[in-house]
Amino acid sequence: MSIGARLLATSGAIFASRLAGAGIMLVVQALIARHYGSASLGRYLVAVAAINILAMLLPLGFQTITAYFAAAYRAKQQGRALRLFMRTALIQTSLTAAAAFAAGQALARAGFLRESFTPEAVAAIVIAAAAVAFIMLSGATLTALKHAILGMTGDALLRPLLVGISLAVVLLGSVPGDPVEKLLKLQSGFLTVLAAAAAAAVVILVRRIPVGDSVASNERRRWWFYAAPWAIVALASDFFFDITTLHL
């Protein structure tokens, strides 16, 4: 198969997965509105907007530059630099997620969120956001390591599919309680499993790259030089709807 044909096939598969994922989320929203009412749908959309924005903020911009640096390190066979890059991204994402968790609990327990979201629901939102952030980091790395379909389908298709499964469990279950909170808890658990699976795939592929030379002293500065500006651009352009939803 020629390069053009492979690119077309890969692009088609990615587009199809995104289309399918969007369709699943549309069905999920329609079912929430039908079974639990428009108020529950509104609360869920606010939670999703918070998850998306937090997931973009937690890696501190590293998810926007991962594809470039991971591809460069792979091409140059600089496994040591790639390992350091991924370790830095994962550690700082974990630390910012812990800070967001503590801040969210403080706000919820202080009554700033009123009755809309309990501390348990806020915890589920932050956990889901952290899982999505790890999925984006892993997906960008997998794409850079020439596994584009595997990297893209995690956020484009598997994430909506797991949300759909979570809603199905809530609809079929008989456990009393707020359906939106139960849905958030379930999907945060499923997304955490998906994030762990994606990270495991990244570890396996990264270990195949030779260690290579030592990391240059200015390499960390290069990461931060590109990370923060791209994060701001991506947040302002790709998440305009989510930001508007939170404002409303």
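Counting of residues starts from 1 at the beginning of each chain's written sequence and follows it residue by residue. Predicted model: local features are reported for residues with pLDDT of at least 70 only, side-chain atom pairs are reported and counted for 80 or more only, and whole-chain, interface and lining totals are derived from all residues. Computation of side-chain values: all heavy atoms of the structure, hydrogens and water removed.

Time to look at the overall build of the protein chain. Runs of E in the DSSP output that reach at least two residues are strands. Runs of H or I that reach at least four are helices, and both are numbered from the N terminus. Scanning the protein chain for helices and strands turns up 9 helices and 0 strands. Of the regular secondary structure in the protein chain, the N- to C-terminal order runs α-α-α-α-α-α-α-α-α. Counting across all 248 residues of the protein chain, residues that qualify as buried make up 42%. Contacts are residue-level and defined by heavy atoms, with any inter-residue pair within 4.5 Å sufficient. Put simply, 81% of the contacts in the protein chain that link residues at least 6 apart link residues at least 24 apart. Carbon and sulfur atoms form 69% of the exposed surface of the protein chain, whose accessible area is close to 13000 Å². Burial classification: accessible surface area is computed with a 1.4 Å probe over protein chains only, and a residue below 20% of its type maximum counts as buried, one above 50% as exposed, and the rest as partly exposed. Accessible surface area values rest on a Shrake-Rupley calculation with a 1.4 Å probe, where residue burial reflects the displayed protein chains alone.

Take the side chain of S40 next. Here S40 is to be found in helix α2 (residues 38–57). Under the relative-accessibility criterion, S40 is labelled buried at 11%. Contact partners of S40, with chain neighbours within four places excluded, come to I32 and V180.

Time to look at the nonpolar core. Buried Ala, Val, Leu, Ile, Met, Phe, Trp, Tyr and Cys residues form a nonpolar core when they are joined through side-chain atoms within 4.5 Å. Counting residues in each nonpolar core, the largest one holds 60 residues, and the members touching the most others are Y44, L82, F85, L184, L191 and W223. Breaking this core down by element, the ones donating at least two residues are α1 (3–36), α2, α3 (62–75), α4 (79–109), α5 (119–144), α6 (148–172), α7 (179–206) and α8 (219–238). Among the elements that line this core, the one with the most residues is α5, at 17 residues. Those residues in contact with L184 that lie beyond four places of it in its chain are Y44, A47, I51, F117, A121, A124 and I125.

On to the packing of α6 against α7. α7 packs onto α6 with a crossing angle of 140° between their chain directions and a minimal axis gap of 9 Å. Classified by the angle between their axes, α6 and α7 sit oblique to one another. Taken as a pair, α6 and α7 cross one another with a handedness that is right-handed. Of the residues in α7, those in contact with G154, L158, R159, L162, V163, I165, S166, L167, V169 and V170 of α6 are P179, K182, L183, L186, Q187, F190, L191 and L194. When residue character is reported, Ala, Val, Leu, Ile, Met, Phe, Trp, Tyr, Cys and Pro are called nonpolar, Asp, Glu, Lys and Arg charged, and the others, Gly included, polar. Within the contact of α6 with α7, the residues separate by chemical class into 13 nonpolar, 3 polar and 2 charged. In this analysis an axis means a line fitted to C-alpha atoms, helices contributing only their contacting stretch, and an angle means the value between N-to-C directions, from 0 to 180 degrees. By definition in this entry, angles of less than 35 degrees are roughly parallel, angles greater than 145 are roughly antiparallel, angles of 65 to 115 are roughly perpendicular, and the rest are oblique. Whether a crossing is left-handed or right-handed is set by the direction in which the near helix is turned from the far one by less than a right angle, anticlockwise for left-handed and clockwise for right-handed.

A word on α2. Here the expected span of a helix is defined as 1.5 Å times the quantity of residues minus one. Over its 20 residues, α2 runs 29 Å from end to end, which matches the ideal 28 Å to within 8%, given 1.5 Å per residue. Listed as buried for α2 are S40, L41, Y44, A47, V48, A49, A50, I51, N52, I53, A55 and M56.

Attention shifts here to empty space enclosed by the protein. The distinction between a cavity and a pocket rests on a 1 Å grid over the protein atoms alone: a 1.4 Å probe fits inside a cavity but cannot get out, while a pocket stays open yet meets protein on both sides within 12 Å along at least five of seven lines, and a residue with an atom within 4 Å of a point counts as lining. Grid points are joined across faces, edges and corners, and a volume is the space filled by probe spheres set on the points. Scanning all chains against the criterion turns up 1 cavity of 30 Å³ or more. Counted as a void, the largest cavity has a volume near 30 Å³. Along the walls of the largest cavity sit I32, Y36, Y44, L167, P179, V180 and L183, which together make up its complete lining. Taken together, the elements giving at least two residues each to the lining of the largest cavity come down to α1 and α7. Tallying contributions element by element places α7 first for the lining of the largest cavity, with 3 residues. Taken together, the residues of the lining of the largest cavity break down into 7 nonpolar, no polar and no charged.

Moving on, we get to the packing of aromatic side chains. Two rings belonging to Phe, Tyr or Trp (six-membered ring only in the last case) form a pair when the distance between their centres is within 6.5 Å. Interplanar angles under 30 degrees mark stacking, angles over 60 mark edge-to-face geometry, and anything in between is tilted. All told, the structure shown has 9 aromatic pairs when counted by the stated rule. Consider the rings of F225 and Y226, whose centres lie 5.1 Å apart with planes at 90°: the pair is edge-to-face. We classify F225 as exposed; its relative accessible area is 58%. Among the aromatic residues, ring-to-ring pairing joins F62, Y68, F69, Y73, F85, W223, W224, F225 and Y226 into one connected group. The rule for a charge over a ring is simple: NZ of Lys or CZ of Arg within 6 Å of the ring centre, and within 35 degrees of the ring normal. Looking at R43, its charged tip hangs above the ring of F117, at a distance of 5.6 Å from the centre.

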